[in-house]
Amino acid sequence: MEKYILVIDQGTTSTRAILFDKEGNDVAKAQEEFPQYFPQPSWVEHDANEIWQSVLNVITKVMEEGQIKPSDLDSIGITNQRETTVIWDKESGMPIHHALVWQSRQTNQITDKLVKDGHEDFIRNRTGLKVNSYFSATKVMWLLDEIPQARVRAENGELLFGTIDTWLIWKLTEGKVHATDYTNASRTMMFNIHELVWDDELLELYRIPKAILPEVKASSDDYGQTEYYHVFSDPVRITGVAGDQQAALFGQNCFEPGNVKNTYGTGSFILMNTGDKAVNSENGLLTTLACNDKGDVCYALEGSVFVTGSAIQWLRDGLKIIKDSIDTQKMAYELASNEGVYIVPAFVGLGAPYWDSNVRGAIFGVTRGTSRQTFARATLESIAYQTKDVVETMVQETGLAITQMKVDGGASKNEFLMAFQADMLNIPIFRPLINETTAMGAAYLAGLKTGFWQDTEEIRHIWQVDGSFYPDMPETKRNLYYDKWRRAVEAAQFFHQD
Ligand SMILES: Nc1ncnc2c1ncn2[C@@H]1O[C@H](COP(=O)(O)OP(=O)(O)O)[C@@H](O)[C@H]1O
Ligand SMILES: O=P(O)(O)OC[C@H](O)CO
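Worth saying up front: this structure is predicted, and the values here are computed from it rather than measured.

## Details of the sheet that holds strand β14 (residues 260-264)
Strand order across the open sheet formed by 7 strands is β16-β17-β15-β14-β20-β21-β22, with mixed pairing between neighbours. In this open sheet, the two edge strands, each paired with only one partner strand, are β16 (286-291) and β22 (465-469). Each strand of the sheet is rotated relative to its neighbour by a mean of 30 degrees, with strand direction disregarded.

Structure representation (structure tokens):
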């Protein structure tokens, strides 16, 4: 009887469940959005129970749609929005507060203090990360400080911490397994990425009790089995777990050092596999853990760009100059150029390679002739320029030539953006037929552990190209555009300097 892998892809704005067969076809899918909470400007929170409910809903829907019983499932793979932090009571299973989302900035003061007290290099050397409120550590500190009794309860061993993968594993196993994988652990700013352990000295610095932390395992490993009988009448093994960007890297077959992918979602996350080598970035890239061709741990360099697809949402929901994100494609093609207009979409500051939390968005070069089309084009271009900022930095820091890039995520469907991106980077860009590369990666990780797939050779052929984009822009023009972009970023930063 044919078997399937069920993937739970728990993202920032929606939860998806996808069933994959052995040929890598996504035979059934279900998706559900869940509420976002903004208790104060720049704070973003989720209700972990609402996330869990959305997971149950999409699993139920996808099993119905695919007419699949739990006994038809080979295994489960989980991939998730990273860094988002949940703390819950071990006994009751109730979160002590909303989950603090990766985008949330309520811990800026804590990170500022860590920097001011001179801990930046120490933290970076151990974790590969910039000290930033993006990562989990200061979110845990905030929860332990702000929620009454939380610190005492944590010290008494009554509370558990997890990123969303850990929360879901714990719920699916009815509290039997408290675990995470290397890729998610590497985003907490508590994990020593060289020794592959929770770092005692960092925990002491942050005053975080070790007892609340999950066990850390390989991404392709045994995470127990479902005990949640309401949905899984027969138990199903959980054997693949990875943060969504590392899962996408794996799903794009970026198994070798030097392979690069970019996922164009709410933000953009450009990752380069660097194999056994932890490349230490001097220019704002993150050193992070990823998966090698066996599903074991390896290193990657990452450039995290906070606002890309969400700038398109701003055109739609904020400015209301488009109805649908796809409209931007036609509008951009209606112009021969960007007409000298540059938009720096630093709505929540800038991530890699700038890491400037103070800068805010800026628009340059507006004239009486500036139109909706110009805004659409300049916004799409800003996505490509931000990607170039990261890719150039990767080349500089690794000395490796990047000869091509694989792409996925919502905005990778935009033909103008992809063509312009190829022009800006001056390398070819390839988009796969199955756009669900994040879920694909988690499926591969799960299936490699159970023997559903023997090895990565067997899954390599599943990746097929849908769109190829080759550069076609004279160098002088490319340099001119990009120089102007860099100037726009500098000017925006200058405007917001204290
Ligand atoms: N055709 C398109 N052109 C430009 N942007 C798009 C297009 N389709 C989707 N997007 C953008 O991509 C994002 C959604 O992509 P998705 O991969 O689902 O993101 P996430 O996983 O971060 O929620 C949205 O921010 C949306 O504005
Ligand atoms: O949920 P996504 O796809 O926007 O991804 C979020 C990232 O994992 C944050 O680091």
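## Here we look at the side chain of T387
Mapped onto the fold, T387 is located in helix α12 (residues 372-398). By relative accessible area, T387 is classed as buried at 0%. Side-chain polar atoms of T387 contact the backbone oxygen of I383, separated by 2.9 Å. With sequence-adjacent residues up to four places away left out, T387 is seen in contact with N262, Y264, I270, M405 and Q421.

## As for helix α10 (residues 309-318)
Within the sequence span of α10, burial applies to G309, S310, A311, I312 and L315. Lining the buried residues of α10 we find α11 (327-333) and α12.

## A word on the packing of helix α13 (residues 415-425) against helix α16 (residues 475-495)
Contact geometry of α13 with α16 gives a least axis separation of 9 Å together with a crossing angle of 100 degrees. Looking at the two axes, α13 sits roughly perpendicular to α16. Only R478, Y481 and Y482 of α16 make contact with α13, whose side of the interface consists of F420, D423 and M424. Residues belonging to the contact of α13 with α16 are distributed by class as follows: 4 nonpolar, no polar and 2 charged.

## Overview of unusual backbone geometry
For the bond running from A352 to P353, omega is -5 degrees, close enough to zero to count as cis. Inspection of the secondary structure puts P353 in the loop between β18 (342-344) and β19 (362-364). Although it is not a glycine, M189 sits at a positive phi angle of roughly 70 degrees. In this fold, M189 is placed in the loop between α7 (182-185) and β10 (191-192). Of note, the phi angle at N253 is positive, near 60 degrees, even though the residue is not glycine. Along the polypeptide, N253 turns up in the loop between α9 (244-251) and β14.

What counts and how
Residues numbered from 1 in each chain as written. Chains lettered and ligands numbered in written order. Predicted model: local features only at pLDDT ≥ 70, side-chain atom pairs only at ≥ 80, totals over all residues. Heavy atoms only, no water. Pairing = 2+ DSSP bridges. Helix = DSSP H or I, 4+ residues; strand = E, 2+ residues; numbered from the N terminus. Axes fitted to C-alpha atoms, helices over the stretch in contact; angles between N-to-C directions. Buried < 20%, exposed > 50% of the residue type's maximum accessible area, 1.4 Å probe, protein only. Polar contact = N/O pair within 3.5 Å; in protein donor to acceptor, adjacent residues only side chain to side chain. Contact = heavy atoms within 4.5 Å. Parallel < 35°, antiparallel > 145°, perpendicular 65-115°, else oblique. Nonpolar A, V, L, I, M, F, W, Y, C, P; charged D, E, K, R; others polar.

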